[in-house]
Each structure stands twice: as structure tokens, then as C-alpha cells.
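The residues making up each chain are set out below.
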Protein chains: 4
Amino acid sequence: MTKDGPISFAVMLGSLRKASFNGIVARSLQGLAPDGVTIRMLGSVGALPIYDADIQADGFPAEVTAMADAVRAADGVILVSPEYNYSIPGGLKNAIDWLSRLPNQPFAGKPVALQTASMSPLGGVRCQYHLRQALVFLDARILNKPEVIIGAVHTKVDAAADTLTDETTRGFIKAQLEAFSAYARRHHG
Amino acid sequence: MTKDGPISFAVMLGSLRKASFNGIVARSLQGLAPDGVTIRMLGSVGALPIYDADIQADGFPAEVTAMADAVRAADGVILVSPEYNYSIPGGLKNAIDWLSRLPNQPFAGKPVALQTASMSPLGGVRCQYHLRQALVFLDARILNKPEVIIGAVHTKVDAAADTLTDETTRGFIKAQLEAFSAYARRHHG
Amino acid sequence: MTKDGPISFAVMLGSLRKASFNGIVARSLQGLAPDGVTIRMLGSVGALPIYDADIQADGFPAEVTAMADAVRAADGVILVSPEYNYSIPGGLKNAIDWLSRLPNQPFAGKPVALQTASMSPLGGVRCQYHLRQALVFLDARILNKPEVIIGAVHTKVDAAADTLTDETTRGFIKAQLEAFSAYARRHHG
Amino acid sequence: MTKDGPISFAVMLGSLRKASFNGIVARSLQGLAPDGVTIRMLGSVGALPIYDADIQADGFPAEVTAMADAVRAADGVILVSPEYNYSIPGGLKNAIDWLSRLPNQPFAGKPVALQTASMSPLGGVRCQYHLRQALVFLDARILNKPEVIIGAVHTKVDAAADTLTDETTRGFIKAQLEAFSAYARRHHG
């Protein structure tokens with residue numbers, strides 16, 4: 001199935017820090033999106049308890065089901081995250097773990113794009129392939145390219161204005177959002 | 001430096017479920033350890049908040065510093081974990097992320113062994129190499145072999161007795177604990 | 001674009017050994033394929049020299065261009081391979097490396113499915129995610145599921161008859177070939 | 001066991017191209033090594049056939065046994081390599097695959113350090129963790145840190161002089177060779 005008309009993406013953010021560089025990137029996405037594409041932030045991954053099957057047995061937390069509903073309602077999900085210890089931040093992985101346990105698993109068949117940013121020149125790249133491996137199990141439809149890997153992110157934002165300012169990086173992200181929009185329309189439903 | 005005499009290992013458990021198969025494995029370790037080796041469980045990774053640098057800026061949570069102290073005091077750490085979504089459980093990764101931020105980082109130079117268990121024949125193996133990648137950054141001293149990868153774990157425990165019963169698996173674990181004890185003594189300090 | 005009517009898949013085999021278990025699996029695929037699906041073996045990855053950009057500068061070897069043409073002509077590629085040293089066999093990776101250098105790169109947009117087999121219970125699974133990572137760069141369209149991971153393969157074949165005999169495994173492969181056929185038709189061109 | 005006095009390292013190079021940037025890095029290592037450390041290049045990985053167990057059954061090729069002997073004779077191995085398709089170059093992996101099949105497996109217990117270089121800012125980093133995973137199986141003793149990941153390598157060499165010229169990078173490599181020398185002496189035998 002393909003979809004014409006407006007589409008929406010949900011952003012899951014891997015960092016909780018208020019002044020997070022990845023947060024700045026995430027909040028800059030709407031301004032870089034093609035016409036007809038709405039980009040909304042999901043709730044904080046920090047609002048979820050650590051996954052515990054005993055909690056699940058008593059009922060999924062409201063924050064989990066709300067996040068899952070928002071993922072299901074979106075035409076695609078953009079994961080924007082730092083790399084922690086050469087891998088996925090625990091909080092982001094924990095949110096993915098919770099969502100993965102739901103009936104009508106929300107990532108199944110869902111288009112997903114990845115963006116990582118860090119102050120190092122490597123831009124958090126090591127996180128991306130661990131996320132991809134997790135998303136195989138979830139049967140998400142993961143965009144291959146273009147990859148968004150933002151090194152030296154602290155030099156590419158205006159923190160006071162809460163905006164990504166580096167034109168080259170803005171161009172890369174625009175290109176990814178264009179490609180992801182086409183991909184999400186093509187892989188719809 | 002090497003160490004003779006008694007040594008102790010701390011176990012970090014990746015699952016919170018009370019009846020967790022990995023928990024049964026973890027609680028069986030003391031009974032499989034060589035003479036002179038004490039094995040203690042660390043506090044639950046579920047007791048930590050999701051990592052947030054803004055929380056850190058206000059001071060590390062007491063659960064984090066307690067876990068870090070216990071890791072520092074141990075002669076080695078054994079990570080016992082299920083695989084969630086082909087990777088590290090978010091809660092376990094979150095605990096590692098917290099510890100990684102401390103001054104006098106507790107995993108630096110620390111001997112570490114890995115054990116994963118799952119009901120699938122694959123025994124959680126995909127989790128192990130993601131853990132290894134994270135531990136490179138932390139500069140832990142990760143035991144290569146023997147690897148402990150327990151498939152079909154539900155057929156290998158007596159849940160009522162809270163014990164790992166499968167003799168072959170008990171033998172593998174004994175062999176790893178022997179090797180890890182020698183490794184930890186040799187790589188001490 | 002979608003494609004109706006007959007389709008064909010090309011199989012790239014990661015092992016050179018004549019009696020290779022993975023070879024038996026590969027040669028069993030046609031018999032497990034849905035109607036309208038032809039499955040052909042590509043030339044041996046052992047016929048290619050080790051990749052050398054200086055050789056490339058003098059012209060791609062004929063074996064490389066022949067393999068690339070066969071990949072381009074196929075509606076999908078099935079990689080069937082053992083795991084060597086917890087990763088991709090060097091020979092298979094070398095073939096992928098050669099193909100990746102061609103203009104009109106043959107894996108770009110190409111549907112790909114993975115199958116690994118080994119005598120161990122783990123079935124070569126560690127090879128699969130390294131292959132997936134390489135295929136991201138190549139922009140292949142990699143089937144997520146069902147995954148084919150054949151453990152204890154020596155108990156599941158009739159070597160004399162050169163056939164995969166285990167009914168459960170045959171069922172898994174049939175299911176993957178069904179899913180892959182639908183996927184390849186849907187992601188055509 | 002520890003070793004005092006002179007030690008020697010063997011370099012296995014992942015690229016065959018005569019003007020390879022990684023080759024320039026590899027040939028610059030002796031000039032960056034601490035006193036008492038000799039660094040020798042192993043034979044080309046391009047001299048080995050693609051691994052084939054049927055060839056092995058007829059006897060290991062002379063190039064394989066020669067490379068294995070040189071690895072065994074060295075106090076440590078430095079792998080210097082580009083990243084091909086987000087992973088290990090097939091030729092380098094093929095050499096590792098061959099060596100892994102020998103009795104008295106030459107990487108067992110052998111100290112190993114990794115260096116990757118590429119023209120991209122990411123410096124071939126994706127290759128390093130695939131190499132680490134393979135080396136776990138081989139039971140090599142892999143140096144954690146400092147990691148050598150050389151981005152934009154074409155701006156950091158004098159190709160005509162066949163030398164790595166960038167002072168910052170030379171400093172990183174010196175630091176790694178210092179650390180690796182201490183590590184190899186400490187983990188000897």
C-alpha cells in the first residue's frame with residue numbers, strides 16, 4: 001500500500017538532558033521537513049519504568065500504551081539519539097523493550113529512520129547498528145540511506161536558539177527526511 | 001598484580017522478573033564456584049532511574065553509588081542477562097550507563113564475565129557481543145572463553161527449587177567460573 | 001514497482017567445501033520454492049581474487065562482472081553461509097566487496113534474504129548481523145523475517161542424497177521463501 | 001608471564017593497494033614505536049587462496065603456515081585495515097579464517113591491537129568491532145584502549161614520502177604503541 005497526502009512522523013529521543021544536543025536536533029526536524037510532513041515528539045523515554053515482566057503482568061503502564069499508540073498512529077518513527085558506551089542508551093532501549101511486548105506490536109512494519117549526534121567526530125555511529133539489529137527483531141522497515149551521523153554536534157547548533165544551524169548538516173537531514181517521506185509513503189500499511 | 005587468597009565476584013542481573021530464568025542461573029552461581037570464591041548479587045538494575053545528565057548534575061543517586069562501590073569492591077563482575085530484542089536489556093544497559101559516568105569509573109580494569117540464557121536455542125547470544133562492545137569503552141577486562149550461552153533454559157532449571165539443574169550446563173558454568181577466577185586473580189588491580 | 005509472473009533468485013554460497021552443509025541447503029532451495037520461483041546458484045566466491053584496487057584499476061575480473069550481472073538479473077539474492085570466527089566468511093565478504101565497487105552497484109535496491117547453518121546449536125547466527133550491517137551500506141533491501149538459522153545442520157541433511165531432510169527446517173525455509181517471494185515482487189525495481 | 005627486553009610486533013594489513021593509506025600507516029609504525037620494539041609486516045593477505053576446507057584437507061598452503069609462524073613468533077599483532085562495506089575487508093577476514101584452522105592456533109592468547117583508517121571522518125570504526133567479535137572466538141588478547149581510528153587519512157599522510165605526517169595522529173599511535181607494548185609484555189605467553 002502507498003499513501004498520498006499528509007503524513008506524520010513520531011520522534012523518539014534517546015537523551016533526557018534538557019539541553020541535549022540530540023534534543024536540539026530533534027526539535028529542529030519539523031523545520032527541515034518536506035511540505036505535507038508533520039513531525040511530533042513522543043513522550044520522554046525517561047517516563048517509563050525499567051522493563052519488568054511482573055509489572056507487565058499487572059498491566060502495561062499508561063506511558064507505555066500512550067507511546068505505543070503514538071507510534072502506531074504515525075506513518076514513521078525517527079530515532080534521534082546519542083551513543084552511550086558504544087551502544088544504545090539504556091533508556092531508549094528500555095522504551096523499545098516495553099513497546100516490543102505489546103500485542104499489535106507498534107514497530108511491526110513501521111518505517112524507521114535513525115539519527116545520531118555526538119560531540120566526537122564519530123557522531124554516535126556505533127549506536128546505529130545496535131539499533132538496526134534490535135529493529136530486525138521488531139520487523140520495522142528501516143531506512144538504509146542517507147544515514148544521519150552528526151559529529152562535533154556542539155559546533156553545529158545554536159543552543160540559545162534551540163536550533164541546528166550548520167547548513168551542511170541541515171542539508172543532510174533534509175535529504176534524509178525527503179527520502180524517508182518517500183519511503184514511508186511507499187511502505188505504508 | 002596478581003591476587004592469592006579469597007576473591008569475590010559481583011553479579012549484575014539483566015532481568016527484573018522475580019521468577020526470571022536468568023535470576024535462577026545467577027542465584028545458582030555460588031554453588032558452582034570454586035573454593036575461595038564468593039559470589040554476591042548486586043542491587044537490582046530496576047532501582048535506578050533512567051540515566052539523565054541533569055539528575056547527575058544534582059548528584060548521583062544513592063543506588064548508583066552503592067552499585068558502583070560494590071563493583072569496585074569486587075574482584076570481578078559477572079553479567080547474567082536475557083537478550084531483549086537481539087540486544088542488551090534496556091535496564092541493564094542503563095545501569096552500565098550510570099556507572100560509566102562516575103569518576104573512578106568502576107568497570108575500568110575490572111574483570112568481567114558474561115552469561116546469557118533464554119528459552120530459545122540461541123541462548124541470548126546476540127546480547128553478548130553488544131555487551132562486549134560497551135565494555136570496550138569502559139576498559140573492562142572481558143573474559144573471552146569459555147562463553148556461557150544457555151539455550152532452552154526453561155528445560156534446565158527447577159523453578160520451584162530456584163536452581164539450575166542441567167548437569168551439562170552446570171559443568172559449563174563451573175568451567176567458566178574456574179577460568180574467570182584464574183583470570184581475575186591474574187588481572188587484579 | 002511490483003512484479004507479477006515468474007521471478008528468479010540467485011544464491012551466493014559462503015562455503016567452498018564440496019560437501020558443505022550450507023551447500024546442501026543451497027541446493028535444496030529450488031525444491032522448497034513456491035511455484036513461479038526459479039533459484040539459481042551464482043558462481044563460486046572462491047573464483048574471485050582477493051579484492052585489490054590495483055586489479056580493479058586494470059579492469060574488473062570477468063568472474064566479478066559475471067557474478068554482478070547474475071545478481072542484477074535476479075529478482076532477489078539469497079545468501080547461504082556458515083559463520084567463520086563469529087562473522088562473515090572472508091570469501092563471501094570478498095565477493096561482496098568486489099561487487100560493491102562496480103558502477104551500477106548490483107546490490108542497490110536488491111531484495112536479499114539470509115540463511116546460515118552450522119553444526120553448533122547457534123546455527124551461524126552471529127554471521128547474519130554482520131551481513132546485515134554490510135548490506136546497509138550497499139542499500140540492499142534485506143528481508144527481516146522469518147530468519148533462517150539452522151543449528152545442528154549435520155543432523156538435518158542426507159549428505160549422500162545432497163538434500164536437506166529435516167521437515168521442521170524445510171518448513172522454515174519454505175516460509176521464508178514464500179515471504180521473500182512476496183517481498184521481492186513488492187520491492188521490485 | 002611477563003617479558004622484559006626487546007619485543008616484536010607483526011602487522012597484518014587489510015588493504016592490497018600499493019598506495020593504500022593504511023599501508024602508509026602500517027609502514028610508519030616502526031618510526032613511532034618505543035625503544036626495544038621491532039615492528040615487522042606480515043606477508044600480504046592477498047597471497048592466500050579463499051579459504052576452502054577441501055584445500056585444507058590436502059595440506060595448509062605454505063603462505064598460511066608462514067603467516068601463522070610469523071604470528072606465533074611475534075609478541076603481538078597489529079591489525080591495520082580499511083573498512084569495506086561497514087565491516088572487515090574480505091581478504092583480511094580470509095587470512096584470519098585460514099589462521100584460525102591451524103592446530104596450535106596462532107591467535108590464541110596473542111595480544112592484538114587494532115588500527116583503522118579511511119578518508120571518511122569515521123575512520124573505519126565499523127570494522128573494529130567486527131574484528132573484535134572474531135577475535136573473541138580466537139581467544140586473542142585484544143587491547144581495549146587507546147583506540148586508533150584515523151579519519152580523513154588522505155589529509156594526514158605524505159604519500160610521496162610514504163609517511164604518516166599528521167602530528168596529532170602520530171601522537172595517538174605512539175600512545176597506543178606504548179600501551180600495547182606494556183600490555184604485550186604483561187600478557188606474554
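Okay, so let's go over this structure. (Residues numbered from 1 in each chain as written. Chains lettered and ligands numbered in written order. Predicted model: local features only at pLDDT ≥ 70, side-chain atom pairs only at ≥ 80, totals over all residues. Heavy atoms only, no water.)

Let's shift gears to the relation of the copies chain A and chain B. One copy of the chain maps onto the second through a rotation about an axis and a displacement along it. You can overlay chain A on chain B at an RMSD of 0.0 Å; the transform is a turn of 180° with a shift of 0.0 Å along its axis. Given the turn and translation reported, the copies of this chain are related as if by a two-fold rotation axis. Minimal C-alpha distance to the rotation axis in chain A is attained by A:G90, lying at 2.2 Å. Interface residue correspondence from chain A to chain B reaches 100%, placing this contact among same-surface, isologous pairings. (Least-squares fit on C-alpha atoms with pLDDT ≥ 70 in both. Contact = heavy atoms within 4.5 Å.)

Quick look at the side chain of B:S181 now. All names here are of chain B. By the secondary structure assignment, S181 is in helix α6 (residues 167-186). In terms of polar contacts, S181 uses its side chain to reach the backbone carbonyl oxygen of L177, at 2.7 Å. Not counting the four nearest positions on each side in its chain, S181 is found in contact with I7, F9, P34 and V37. (Helix = DSSP H or I, 4+ residues; strand = E, 2+ residues; numbered from the N terminus. Polar contact = N/O pair within 3.5 Å; in protein donor to acceptor, adjacent residues only side chain to side chain.)

Let's shift gears to the relation of the copies chain A and chain C. Overlaying chain A on chain C yields an RMSD of 0.0 Å, the required transformation being a rotation through 180° with an accompanying axial translation of 0.0 Å. In this assembly the copies share their binding face: 100% of the residues contributing to the interface of chain A also contribute to that of chain C.

All told, the structure shown has 28 aromatic pairs over all chains when counted by the stated rule. Ring plane angle 70° and centroid distance 4.7 Å describe the contact between A:Y51 and A:W98, whose orientation is recorded as edge-to-face. Of this pair, A:Y51 sits in the loop between β2 (37-41) and α2 (53-57) while A:W98 is found in helix α4 (residues 90-100), placing the two residues 47 residues apart along the sequence. On the basis of relative accessibility, which here comes to 3%, the residue A:Y51 falls in the buried class. If you follow B:R126 out to its NZ or CZ, it ends over the ring of B:Y86, 3.7 Å from the centre. (Phe/Tyr/Trp six-rings, centres within 6.5 Å; stacked < 30°, edge-to-face > 60°. Buried < 20%, exposed > 50% of the residue type's maximum accessible area, 1.4 Å probe, protein only. Lys NZ or Arg CZ within 6 Å of the ring centre and 35° of its normal.)

Moving on to the pairing of strand β3 (residues 76-81) of chain A. Note on strand geometry: in a regular strand, side chains alternate between the two faces of the sheet. Residue and element names in this part refer to chain A. Here β3 lies mainly inside the structure; six of its six residues are buried. Alternating residues of β3 divide into G76, I78 and V80 and V77, L79 and S81, and every residue in both groups is buried. When strand β1 (residues 7-13) meets β3, the two strands line up parallel, connected through five bridges. Bridge pairing in β3 links A10 to V77. Pairing of β3 with strand β4 (residues 111-117), which is carried by five bridges, proceeds in the parallel orientation. Note that in β4 the partner of V80 across the bridge is Q115. Once you follow β3 into α4 and on to β4, the crossover reads as right-handed. (Pairing = 2+ DSSP bridges. Right-handed = clockwise from strand over helix to strand, strands pointing away.)

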